[in-house]
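Geometric and topological summary
Okay, here's what each chain looks like letter by letter:
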Amino acid sequence: MAQAKITVRPNGPLRVEAPEGTVELVDANGNHFDLTGKPTFSLCRCGGSVNKPFCDGTHSRVGFQGAELAVKKAEGGS
């Protein structure tokens, strides 16, 4: 079976890499997103993308900080 790789980008999107046709992406209502020709795509984490659920780079303009970094800062880490 083919495997999917999901990478959490620092202060950025979730990068999904998988052979075409092996990932199914659906919204809360069960509607499917067309991933034809997209073996690699990025999912928005900042909530600001105008192309949700896909990333459009808004995170870099709004100063988004991923939760993993925010937790480290709150705990006094670097």
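Placed above this text is the structure.
Described below are features of the structure shown in this document. These numbers were taken from a predicted model, which means no experiment stands behind them. Residue indices begin from 1 for each chain and proceed along its sequence in written order. Only residues with pLDDT of at least 70 are given local features in this predicted model, and only at 80 or more are side-chain atom pairs given and counted; all residues enter the totals for whole chains, interfaces and linings. Only hydrogens and water are set aside; all other atoms, that is, all heavy atoms of the structure, feed into the side-chain values.

Quick look at the overall build of the chain
We count it as follows: Helix and strand definitions follow DSSP, with helices as H or I runs of at least four residues and strands as E runs of at least two, each counted in order from the N terminus. Whether a residue is buried, partly exposed or exposed follows from its accessible area with a 1.4 Å probe, protein chains only, as a fraction of its type maximum: under 20%, in between, or over 50%, in that order. Contacts are assigned to residue pairs with any non-hydrogen atoms lying within 4.5 Å of each other. Per-residue accessibility takes into account occlusion by the displayed protein chains alone, with areas from the Shrake-Rupley method and a 1.4 Å probe.
Along its length, the chain carries two helices and three strands. Written out in order from the N terminus, the α and β elements of the chain read β-β-β-α-α. Residue burial in the chain is summarised as follows: out of 78 residues, 22% are buried. A separation of at least 24 residues holds for 30% of the contacts in the chain among residues at least 6 apart in sequence. Roughly 5,400 Å² of accessible area belongs to the chain as shown, and the carbon and sulfur atoms make up 52% of that amount.

Some remarks on the state of the cysteines
Heads up, the rule is: Criterion for a disulfide: a pair of cysteine sulfur atoms within 2.5 Å.
This model, assessed by the stated rule, comprises zero disulfides. Cys44 supplies the cysteine sulfur nearest to Cys46, a cysteine that is in no disulfide, at a spacing of 3.8 Å. You can see Cys55 has no disulfide; the closest cysteine sulfur is in Cys44, sitting 6.1 Å from it.

Remarks on the sheet that holds strand E3 (residues 40–43)
Within a beta sheet, neighbouring strands are joined by backbone hydrogen bonds and run either parallel or antiparallel to one another. For clarity, the threshold we go by: Here a strand pair is declared whenever DSSP counts at least two bridges between the two strands. Note on definitions: angles span 0 to 180 degrees between N-to-C directions of axes, and those axes are lines fitted to C-alpha atoms, for helices only across the stretch in contact.
Sheet architecture is open: three strands sit in the order E1-E2-E3, paired in antiparallel fashion. Two strands in the sheet have a free side with no partner beyond their single neighbour: strand E1 (5–8) and E3. Ignoring which end each strand starts from, the neighbouring axes of this sheet average 20° apart. Pairing of strand E2 (residues 14–17) with E3 involves four bridges; the strand directions are antiparallel. Within the sheet, the bridge partner assigned to Val16 lies in E3 and is Phe41.

Quick look at unusual backbone geometry
Cis geometry is adopted by the peptide bond preceding Pro53, which originates at Lys52 and carries an omega value of 10°. Of note, Pro53 is situated in the loop between E3 and helix H1 (58–62).

Some thoughts on the pairing of E2
The pairing of E1 with E2 spans four bridges and is antiparallel. Paired with Thr7 across the bridge in E2 is Arg15. Between E1 and E2, which pair antiparallel in sequence order, lie five residues; one of them, Asn11, sits at a positive phi of approximately 55°.

Shape descriptors only; they carry no functional weight alone.
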